[in-house]
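Reading the structure
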Amino acid sequence: MIPPQPALIFAVFSILLDPVAGYANGKVTRACGSMRPQHGHQEQDSPLHNVTVDTSVFKPGSRIKVTLSGTRFQGFFLQARDAENVDGDAVGSFTLIDPEESQLLTCGDVQDSAVSHTSKSRKTQMEAYWNAPSNAPQHIQFMFSVVEKYKIYWVKLPGPIISQTSAPPVTKSPKPTGVPLTSEARSHLIKPFNSTGCGVSKFCVTNPSLCDPETDSQCFFLSFKAEGDSVLIEMSGPSDGYIAFAFSHDQWMGGDDAYLCVAEDQQIQINAAYLSGRTYPDMDSEPVLQDTAWRLADGVIQCSFRRNVHLPMYKSRFDLDHPYYIFVADGEARDGLISRHHSQPLITSNKYVVVGFPENVGGSRSPLLIKVHGALMFVAWMTLVSIGVLVARFFKPVWPDGTIFGEKIWFQVHRILMVSTILLTCTAFVLPFLYRGGWSKRAGYHPYIGCIVMALAVIQLIMAVFRPPPDSIRRPLFNWAHWSTGTTARILAVVAMFLGMDVPALNLPDPWDTYMLTGFVLWHVFVDVVLEIHSYCLINKAEVFDEDLVEILNPLSPVGGKGHSFKKVILTVYICGNLAFLITFLAAINQI
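Read on for a plain summary of the structure. Only a predicted model underlies this, so the values are computations on that prediction, with no experimental measurement involved.

Definitions and cut-offs
Residues numbered from 1 in each chain as written. Predicted model: local features only at pLDDT ≥ 70, side-chain atom pairs only at ≥ 80, totals over all residues. Heavy atoms only, no water. Core = buried A, V, L, I, M, F, W, Y, C linked by side-chain atoms within 4.5 Å. Buried < 20%, exposed > 50% of the residue type's maximum accessible area, 1.4 Å probe, protein only. Helix = DSSP H or I, 4+ residues; strand = E, 2+ residues; numbered from the N terminus. Contact = heavy atoms within 4.5 Å. Polar contact = N/O pair within 3.5 Å; in protein donor to acceptor, adjacent residues only side chain to side chain. Phe/Tyr/Trp six-rings, centres within 6.5 Å; stacked < 30°, edge-to-face > 60°. Lys NZ or Arg CZ within 6 Å of the ring centre and 35° of its normal. Pairing = 2+ DSSP bridges. Patch = residues over 30% accessible without salt bridge, like charges linked within 9 Å, V, L, I, M, F, W, Y side chains within 5 Å. Areas by Shrake-Rupley, 256 points an atom, 1.4 Å probe, with all protein chains shown as cover. Salt bridge = Lys/Arg side-chain N within 4 Å of Asp/Glu carboxyl O. Disulfide = S-S within 2.5 Å.

Description of the nonpolar core
- In terms of nonpolar packing, the biggest core is built from 52 residues, with Phe378, Trp381, Met497, Leu508 and Phe585 touching the most fellow members.
- Within the residue set of this core, elements represented by two or more residues are helix H1 (368-394), helix H2 (409-436), helix H3 (446-465), helix H4 (475-500), helix H5 (512-546) and helix H6 (558-591).
- Counting residues per element, this core draws most heavily on H1, which supplies 17 residues.
- If sequence neighbours within four positions are ignored, Met497 has contacts with Met377, Phe378, Trp381, Met382 and Leu517.

Shown next, in the form of structure tokens:
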């Protein structure tokens with residue numbers, strides 16, 4: 001993993017995705033044991049499909065044709081098991097008949113020991129050959145699961161039993177032991193959670209910080225209360241789709257222990273899941289949660305459940321007496337399928353042990369690197385560049401003879417501000433790449449325009465290094481190129497900033513961010529217009545005063561002295577206004 005500070009999730013968590021229908025490609029080896037689709041819904045009771053075989057007896061090396069048929073279905077999973085131990089490992093191997101509709105999977109150490117679908121195209125029949133191994137048990141039972149659609153499926157249905165020649169009767173009645181995903185969630189929560197006991201008897205994560213879900217419907221709330229060997233977990237947040245949290249070893253998505261409360265048909269599905277990367281979460285097929293309950297009212301999802309501190313039988317479940325970063329996210333859901341989160345997930349700034357010392361902590365919905373990126377770009381292109389351009393354009397006559405290190409004052413001020421802009425831009429430019437680990441596909445046109453601005457800034461620097469002398473015949477060409485490149489870069493930088501305000505990772509309050517940036521642009525235009533009008537009036541007065549335009553360059557002349565004093569006042573007011581906008585923007589970034 002890359003930096004320790006940036007909250008990359010993100011994510012929980014791009015949970016960061018568009019709706020997906022589970023394992024549409026049939027790669028379901030995670031379900032080899034339970035044979036359960038990780039869809040997070042209750043299985044159906046009355047099967048509409050069956051499996052038939054072309055013979056009821058076999059011997060080692062036999063090839064048995066197996067046919068699954070019934071109403072139209074999208075997915076399936078077929079295995080052969082010892083009829084006297086249907087919860088054991090798969091037995092034998094399969095050979096495909098139609099490779100376009102079915103594929104072989106390896107369960108355990110037995111190659112090609114299961115058959116599944118290759119796509120979610122609807123079908124009514126599947127055929128394959130089962131090959132009996134040399135060490136086959138005396139009785140074999142075919143077990144299968146069928147998915148009609150995402151929410152409708154049957155798990156571990158018993159198929160026909162075939163026996164070896166002269167085998168004794170089956171001594172144990174086959175009884176599949178498919179288990180529900182979680183204990184049934186009961187809607188017995190009658191009132192909102194509250195923050196009573198946070199930091200005293202339970203560990204809490206809140207956003208906004210220190211909010212109370214009982215009085216604030218916009219409060220995201222997560223609490224952990226240790227009770228012996230188990231932990232009571234309560235989660236609440238404004239959403240009509242889902243809310244979720246996850247434990248993570250770092251601030252990057254992947255390898256995380258997640259828990260989701262998903263709204264569906266005015267009910268809440270409570271599931272444990274594993275985030276293996278920026279993909280759809282793998283719903284847990286084992287009953288690791290107890291005492292589940294939920295409440296859905298006034299646009300707020302609330303759910304509670306209990307889980308043990310240690311779950312050694314489940315590798316994807318973390319021990320809760322270790323420190324982790326905590327993610328909190330929300331988003332939309334349709335038919336039980338979650339989508340990418342609404343906004344950047346909240347991520348705690350430090351690791352915490354939720355069963356340790358009780359605390360009431362908050363978190364940030366914007367990664368540190370993205371905050372710094374936005375702040376540096378704002379300082380560079382909304383403050384330094386703006387002042388530098390005004391100085392070069394209107395203040396040459398103000399300091400006609402003064403020098404700093406052998407150069408005129410206005411030029412040195414202009415150069416220092418512009419070089420500082422380029423240095424800040426280069427620094428800010430690399431931060432999003434560190435944050436994302438590459439190119440971002442979710443930031444719209446902002447990164448493309450940002451790259452153009454970066455290129456134009458570097459071109460400006462190169463042109464400035466090779467600036468021809470004032471009396472050179474190439475000087476007019478340089479002046480034109482310098483002005484046009486700089487103006488284009490400034491315009492595109494403003495466009496990039498407007499687009500960047502809506503990037504989810506920055507998470508600035510909307511529409512405040514747009515109003516603030518619009519106000520700043522109008523402030524700059526206003527000052528620019530005032531100075532243009534002032535310069536025009538100053539020239540007219542100089543013509544009347546002495547018919548010599550040189551007078552306006554002389555700070556000792558009546559016109560020049562008053563005019564330059566006015567410019568200094570305007571520049572001072574402009575800088576103060578810039579600082580006010582800058583402080584407001586930085587304060588807003590610091591709060592997210």
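Quick word on the side chain of Ser484
- Examined against the element boundaries, Ser484 turns out to sit in helix H4.
- What makes Ser484 buried here is its relative accessible area of 17%.
- Separated by 3.2 Å, the side chain of Ser484 and the backbone oxygen of Ala481 make a polar contact.

Section: the packing of aromatic side chains
- Summed over the entire model, instances satisfying the criterion amount to 22 aromatic pairs.
- Ring plane angle 90° and centroid distance 5.7 Å describe the contact between Trp130 and Phe142, whose orientation is recorded as edge-to-face. Of this pair, Trp130 sits in strand E8 (residues 123-131) while Phe142 sits in strand E9 (residues 139-149); the two residues are 12 residues apart in sequence, bridging distant segments of the chain.
- Arranged with centres 5.8 Å apart and planes meeting at 80°, the rings of Trp410 and Phe411 form a pair that is edge-to-face.
- One aromatic cluster is present, formed by Phe203, Phe224, Phe245, Phe247, Tyr259, Phe305, Phe318, Tyr324 and Tyr352 through successive ring pairs.
- Stacked on the ring of Tyr129, the Lys or Arg Arg63 has its end atom at 5.1 Å from the ring centre.

Comments concerning the side chain of Gln141
- By secondary structure assignment, the location of Gln141 is in strand E9.
- On the accessibility criterion, Gln141 (3% relative accessible area) is buried.
- Engagement of the side chain of Gln141 in a polar contact is seen with the backbone oxygen of Gly159, the distance being 3.0 Å.

Brief notes about the sheet that holds strand E4 (residues 75-82)
- Strand order across the open sheet formed by six strands is E2-E10-E9-E4-E7-E6, with mixed pairing between neighbours. Pairing within the sheet leaves two strands with one partner each, and these edge strands are strand E2 (57-58) and strand E6 (102-107).
- Pairing between E9 and strand E10 (residues 152-164): eight bridges, direction antiparallel. In the sheet register, Val147 faces E10, and the bridge partner there is Tyr153.

Comments concerning unusual backbone geometry
- Residues Asn207 and Pro208 are joined by a peptide bond in cis, for which omega reads 0°.
- Its location among the elements puts Pro208 in the loop between strand E11 (203-207) and strand E12 (220-227).
- Although it is not a glycine, Ser166 adopts a positive phi angle of roughly 65°.
- On the accessibility criterion, Ser166 (74% relative accessible area) is exposed.
- Look at Leu210: it is not a glycine, yet its phi comes out positive at around 65°.
- Along the chain, Leu210 turns up in the loop between E11 and E12.

Regarding a nonpolar patch on the surface
- Judged by side-chain polarity, Val419, Leu423, Val458, Leu461, Ile462, Val465 and Phe466 come together as a nonpolar surface patch covering roughly 660 Å² of accessible area.
- Positionally, Ile462 belongs in helix H3.

Some words on the state of the cysteines
- Overall, the coordinates contain four disulfides when judged by the stated rule.
- The disulfide bridge from Cys32 ends at Cys107, spanning 2.0 Å between sulfur atoms. Its S-S torsion of about -75° marks the bond between Cys32 and Cys107 as left-handed, since a negative value means left-handed. Pair noted here: Cys32 is in the segment before strand E1 (49-53) and Cys107 is in strand E6, with a separation of 75 residues, a long-range link. Of the two residues, Cys32 and Cys107, neither departs from the other in class, the shared state being buried.
- Covalent S-S linkage joins Cys198 and Cys204, the inter-sulfur distance amounting to 2.0 Å. Judged by the sign of its S-S torsion, about -80°, the bond between Cys198 and Cys204 is left-handed. This pair shows no difference in class: Cys198 is buried, exactly as Cys204 is.
- In the protein, the cysteines engaged in disulfides, taken in order along the sequence, are linked 1-2, 3-4, 5-6, 7-8.

Note that all results are geometric; they support no functional claim without further evidence.
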